[in-house]
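Residues per chain are reported as follows:
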Amino acid sequence: MDALPAVLGAAALLLVVVTARLLLARRNRSPRTAPLSLLVVAGSGGHTTEILRLLSCLSQSYSPRHYIFADSDKMSEDKIRTFEQKSAETYSNSQFTLNRIPRCREVCQSWSSSVLTTLYSILYSFPLTFRLNPDLILCNGPGTCVPVCISALLLEILALKKVIIVYVESICRVETLSLSGKILYYFSDYFIVQWPALKEKYPKSVYLGRIV
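Residues numbered from 1 in each chain as written. Predicted model: local features only at pLDDT ≥ 70, side-chain atom pairs only at ≥ 80, totals over all residues. Heavy atoms only, no water.

## Some details on the overall build of the protein
Of regular secondary structure, the protein possesses 7 helices and 7 strands. Its helices and strands in sequence order give the protein the pattern α-β-α-β-α-β-α-β-α-β-α-β-α-β, from N to C terminus. The 212 residues of the protein split such that 47% are buried. Here the analysis covers contacts within the protein between residues at least 6 apart in sequence; of these, 67% occur between residues at least 24 apart. Carbon and sulfur atoms provide 62% of the accessible area of the protein, an area that totals close to 10,700 Å². (Helix = DSSP H or I, 4+ residues; strand = E, 2+ residues; numbered from the N terminus. Buried < 20%, exposed > 50% of the residue type's maximum accessible area, 1.4 Å probe, protein only. Contact = heavy atoms within 4.5 Å. Areas by Shrake-Rupley, 256 points an atom, 1.4 Å probe, with all protein chains shown as cover.)

Encoded structure:
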């Protein structure tokens, strides 16, 4: 019974992502069955585990999958490789890339110095995001997702491409948003929360219940 809310929530998330895909197909006037380039932002701690659970609900039509994580995050890289190796056992044409960017803020780093490291990360992320050319970004709260999403917004501002941003707040955030969530709440196309208290505080958000 405990798994039922997560299953229903994951199905609801799938519906949101499919809707985003249809909007992209309509905007680009392309067949709805065309592959959708997906950029996934992974992060240390439980962020990568949660995002990989979400990815397991998506079909292989969301391909290629481009993963971005901090250059010092070896654990996320190992988890992604394991996930993709298992996926390749089922789907022989599975395609993915691994990409690293400078970390925005290290543990115990001062907030003043983190401004400079975040700006550097944005400058590094912009040409990478432009080269990967994603249709959809899926992220769930690591600090790494901020420069990546800002880079996607710059692509739109410069009239280069519109990238749909789907942000899923971590299950750990019950009453308050993470710092990444507080920033991207205003810029994401779909902002998904997993607790009703957050929906009450942030009306733009979409409450789907537990999805991981």
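More follows now that the structure is in view.
## Some details on the packing of helix H2 (residues 47-55) against helix H3 (residues 74-90)
Viewed as axis vectors pointing N to C, H2 and H3 meet at an angle of 20°, and their least axial separation amounts to 10 Å. Here H2 lies roughly parallel to H3, going by the angle between them. Crossing hand, H2 versus H3: right-handed. Contacts between H2 and H3 involve Thr48, Thr49, Leu52 and Leu55 from the former and Ser76, Lys79, Ile80 and Phe83 from the latter. Per-class residue counts for the contact of H2 with H3 are 4 nonpolar, 3 polar and 1 charged. (Axes fitted to C-alpha atoms, helices over the stretch in contact; angles between N-to-C directions. Parallel < 35°, antiparallel > 145°, perpendicular 65-115°, else oblique. Left-handed = near helix turned anticlockwise from the far one by under 90°. Nonpolar A, V, L, I, M, F, W, Y, C, P; charged D, E, K, R; others polar.)

## A few points about the sheet that holds strand E5 (residues 164-168)
An order of E3-E2-E1-E4-E5-E6-E7 is seen for the 7 strands of this open sheet, with the pairing classed as parallel. Among the strands making up the open sheet, the edge pair consists of strand E3 (96-101) and strand E7 (206-207). Sheet strands in contact with H2 are strand E1 (38-41), strand E2 (65-70), strand E4 (136-139) and E5, and its direction is about 155° off that of E1. Along the sheet face, helix H5 (residues 145-157) touches E1, E2, E3, E4 and E5 and points at about 160° away from the line of E4. (Pairing = 2+ DSSP bridges.)

## Some words on empty space enclosed by the protein
Tallying each qualifying case throughout the model produces 2 cavities of 30 Å³ or more. Reported here for the second largest cavity is a volume of approximately 30 Å³. Around the second largest cavity, the lining residues are Ala152, Leu153, Glu156, Lys162, Val163, Ile165, Phe187 and Asp189. Considering every element that reaches the lining of the second largest cavity, the biggest residue donor is H5, with 3 residues. Residue composition of the lining of the second largest cavity, grouped by class: 5 nonpolar, no polar and 3 charged. (1 Å grid on protein atoms, 1.4 Å probe; cavity = no way out; pocket = protein on both sides within 12 Å on 5 of 7 lines; lining within 4 Å. Points joined across faces, edges and corners; volume = space filled by probe spheres on them.)

## What about the nonpolar core?
Counting residues in each nonpolar core, the largest one holds 25 residues, and the members touching the most others are Ile137 and Cys139. Ranked by size, the runner-up nonpolar core spans 23 residues in total, among them Leu52, Leu98, Leu136 and Val166. (Core = buried A, V, L, I, M, F, W, Y, C linked by side-chain atoms within 4.5 Å.)

## Some details on the state of the cysteines
Here, disulfide denotes a covalent bond that connects the sulfur atoms of two cysteines. Taken as a whole, this structure holds 0 disulfides when the rule is applied. In this structure Cys139 is not part of a disulfide, and its nearest cysteine sulfur, from Cys149, lies 3.9 Å away. Judged by its relative accessible area of 0%, Cys149 is buried. (Disulfide = S-S within 2.5 Å.)

## Overview of unusual backbone geometry
A cis amide bond links Ser63 to the next residue, Pro64, at an omega of 0°. Note on placement: Pro64 falls in the loop between H2 and E2. For Asn133, which is not glycine, the phi torsion reads 55° and is therefore positive. For Asn133, the location among the structural elements is in the loop between helix H4 (111-132) and E4. Despite not being glycine, Ala159 has its phi angle at roughly 60°, a positive value. Residue classification places Ala159 among the exposed positions, given a relative accessible area of 69%.

## Focus: the layout of surface pockets
Sizing a probe to match a water molecule and rolling it over the atoms shows the empty space that remains. In this structure, the largest pocket encloses a volume near 730 Å³. What lines the largest pocket is a set of 31 residues, among which Cys104, Arg105, Gly143, Leu179 and Ser180 lie closest to the centre. Counting only elements with at least two residues in the lining of the largest pocket, the list comes to H4, H5 and helix H6 (179-184). Element by element, the count of residues in the lining of the largest pocket is highest for H4, at 6 residues. Across the lining of the largest pocket, the residue classes break down as 14 nonpolar, 11 polar and 6 charged.

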